[in-house]
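Commentary on secondary and tertiary structure
Residue-level listing of the chains:
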Amino acid sequence: MTIKLGFAFCLLLLCQITMAQSDSINNLKEVVVSDANLKKYSTSQSVLRLTDSVINKNEALLTDLLNFNSTLYFKEYGRGMLSTVSFRGTTSSQTAVIWNGININSQMNGSTDFNTISGSDYNSVSVKAGGGSVIYGSGAIGGTVHLNNDLVFFNRFENNLKLDYGSFNTIGINYKTSISNKKWSTQLGFSKNSSTNDYKYLNRYTWRGEQRWNQNGQYDIITLNANVGYKINENHVLKLYSQTSNTDRNTSLITESETKSKYVNGFNRNLLEYDGNYGKLKTNFKTAYIFENYQYFADNSSNNFTYGKTENLITKLDLDYTLFKSTHINGIADYSRTNGYGTSFGDHVREISSASLLVRQDIGSNWKNELGIRKEFTDNYKSPLLFNFGSSYKFNDLYNLKLNVSRNFRIPTYNDLYWETGGNPDLKPESSYQAEIGNVFTFKNISWTQNFYYIKIKDMLQWVPGANGIWTPQNQDKVNSYGTETLLSWKKSYGKNNFAVNATYAYTVSQDDETKNQLFFVPFNKATGAVSYSRNKISAYYQVLYNGFVYTRADNNPDEIINDYLISNIGIDYDLKFLDSFKVGFQVLNLLNKDYESLENRPMPGRNFNMYITLKF
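This text gives an overview of the structure that appears in the document. Computed from a predicted structure; not experimentally measured.

**Regarding the overall build of the protein**
Across its full length, the protein holds 6 helices and 35 strands. Relative to its length of 617 residues, the protein is compact, with a C-alpha radius of gyration of 24 Å against a globular reference of 25 Å. By principal-axis analysis of the C-alpha atoms, the protein measures approximately 75 × 70 × 45 Å. A buried classification covers 55% of the 617 residues belonging to the protein. Once local pairs closer than 6 in sequence are excluded, the contacts in the protein between residues at least 24 apart make up 63%. Summed over all atoms, the accessible surface of the protein reaches about 26,800 Å², with 58% contributed by carbon and sulfur. Across the protein, 62 positive and 55 negative side-chain charges occur, with their mean positions spaced 8 Å apart.

Given below as structure tokens:
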């Protein structure tokens, strides 16, 4: 253990990453943030915050938003189909998705399908790079994605309506209303995203010479949101967050002769939260109920299906004590009880308790430090002691240095433990050590961030063939992931003309420790870029995305790869200045009509179009 810790601290001097275009989250004093720890304990790691202005420039589903605006890599089973993420060369279950401070990764498979989430349902979407298991628990190895509904307490009545219509009969509706005063704050929202999704495959034909197209690719996603806050007085606030969603989605055919199938899944999330200020002691208490379920129909024409359901009850108490003016101590205790039952994994209950201690110290305005430890207790697995240490020092207005080292983990899922047949109840959690360094340079209108990181993962779960040909998960892989990221941004105004440029580049090596092979579906290279222009009532943008090739087999067979691709989008809108705002916009997606795919035999659409109306009143 001592050797490993010493090794990690040596790496700390060599490598760390800060993945963001913005190093802090600024909130107006009237705003009550939904996840206070995201701001308080991110000084040594960066947070990229995507606001409404960025969200509205992208397609509705979260995959497109993050694909074109971050270094996250996504593997899609076709447009609108299952979408999984790779963050810093890790697997899809090693990125945690946080909803208003609560980890919502699936208890069944450990990951999140980003094509079931609309970015427009939230005030902001934030991406925090690097380990976060000390605060957010399982899966926060590569990083965390935060979905935030922040409440405001000032006089406001605001409505936002966006209507989209695009190629393949794609329809988008998003409506949000915010009503607040000094005592109450209410947010109500509705979104619907659907498409027949029957696009033609570029340069692909049947053996008869007939044009191939995306068959059985329909999807329909409906989400309802309701968030309410009540300020008892200046020191005590009650908040309630509620979200319900249903996704009815067919699964695109690989060949025309396949049986048509579909996948229906949904969730219901409810979170009650209390914030109390008792002088030096601040309290935050959360209790949440999260229900998720799925039904898989192997044949659309039949009513027979397999299913899975989980019910998760979470309680969390966070006590923040100001020891000195510059030093804060947080003690966190939480408990969760999950009841899972389904066709493939039976009926099982899992109870987990944990305790965390966090320390934050500000030595002047330029030097900030943070330390955290966490231990979980359960009968289902043996949990390692987790830790996080970070430091940020701002030498001057030009240069800021950030350092961080941590240990993080991912627990086995219901599928891993109980799948019939093949589940393995004796699995250990995956764990990782990682070290990061970030160099942030700021000069006038230019921001340049150069980052490095190293992650060492052990006990990675892999499903392997066992006795009688039955596949079963085993803790057998060790993976080393390291890389660098470059982020550039520039803004400038010339009279009424406003220009902005953003660019990112990520180089990622994620190797199996034994074979030295790159993990499949992890690109060595990814880059994004965006140029925007606005003047008075008109605004326009152009964005590009480059994904390098990926291996599709563990042995890195060069004949089994997904080729690299470069795609781009262009958009323009005009504000008619009716009511508060009335924008009419038009977008061309995949402008260059590129034939590409992110998963073999799952082609993505060629050039297509979208038009929209955004009304604010």
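**Thoughts on the pattern of salt bridges**
Across all of its chains, the model carries 23 salt bridges by this definition. The closest approach of N and O atoms between R204 and E597, which form a salt bridge, is 3.5 Å. Taken together, the residues R204 in strand β13 (residues 200-205) and E597 in the loop between β34 (581-589) and β35 (608-616) connect sequence positions 393 residues apart. Take R204: its relative accessible area is 22%, and that puts it in the partly exposed class. Taking the shortest distance from any N to any O, the salt bridge between K577 and D575 comes out at 3.9 Å. Residue classification places K577 among the partly exposed residues on the basis of a relative accessible area of 49%. Classification of D575 by relative accessible area gives buried; the value is 7%. One network of salt bridges, with partners in common, ties together K239, E273, D275 and K286.

**Section: the environment of V127**
Relative to the helices and strands, V127 is located in strand β7 (residues 124-129). The spacing of V127 and V47 is 80 residues in sequence and 5.6 Å in space, taken between C-alpha atoms.

**Some points on the environment of A226**
Looking at where A226 falls in the secondary structure, it is placed in strand β15 (residues 219-233). Accessibility expressed as a relative area gives 29% for A226, which makes it partly exposed. Setting aside residues no more than four positions away along its own chain, A226 makes contact with Q187, L188, L240, Y241 and S242.

**Some details on the sheet that holds β7**
Read across the open sheet, the 5 strands follow the order β2-β7-β8-β5-β6; overall the sheet is mixed. Both edges of this open sheet fall to β2 (47-50) and β6 (102-103), since each of them pairs with a single strand only. In this structure, β7 lies alongside strand β8 (residues 143-148), joined through 6 bridges in antiparallel fashion. Bridge pairing in β8 places A129 opposite G143.

Rules and cut-offs
- For every chain, the first residue of the written sequence is number 1, and numbering continues from 1 onward in sequence order.
- With the structure being a predicted model, the display of local features is reserved for residues of pLDDT at least 70 and the display and counting of side-chain atom pairs for 80 or more, all residues being used for whole-chain, interface and lining totals.
- The basis for every side-chain value is the complete set of heavy atoms in the structure, and neither hydrogens nor water enter the calculation.
- Only DSSP runs of H or I with at least four residues qualify as helices, and only runs of E with at least two residues qualify as strands; both kinds are numbered from the N terminus onward.
- The size measure is the radius of gyration over C-alpha atoms, and the globule rule it meets is 2.2 Å times the number of residues to the 0.38 power.
- For every residue, the accessible area obtained with a 1.4 Å probe (protein chains only) is divided by the maximum for its type, and the residue is called buried under 20%, exposed over 50%, and partly exposed between those limits.
- Note on definitions: a residue-residue contact is assigned when non-hydrogen atoms from the two residues lie within 4.5 Å.
- For accessible areas, the Shrake-Rupley method is used with a probe of radius 1.4 Å. Any residue's cover is judged against the shown protein chains and nothing else.
- Positive charges come from Lys and Arg alone, negative charges from Asp and Glu alone, with His and the N- and C-terminal ends not counted.
- For this purpose, a charge sits on NZ of Lys, CZ of Arg, CG of Asp or CD of Glu.
- When a carboxyl oxygen of Asp or Glu lies within 4 Å of a side-chain nitrogen of Lys or Arg, that pair is called a salt bridge.
- Here, strands pair whenever DSSP counts at least two bridges between them.

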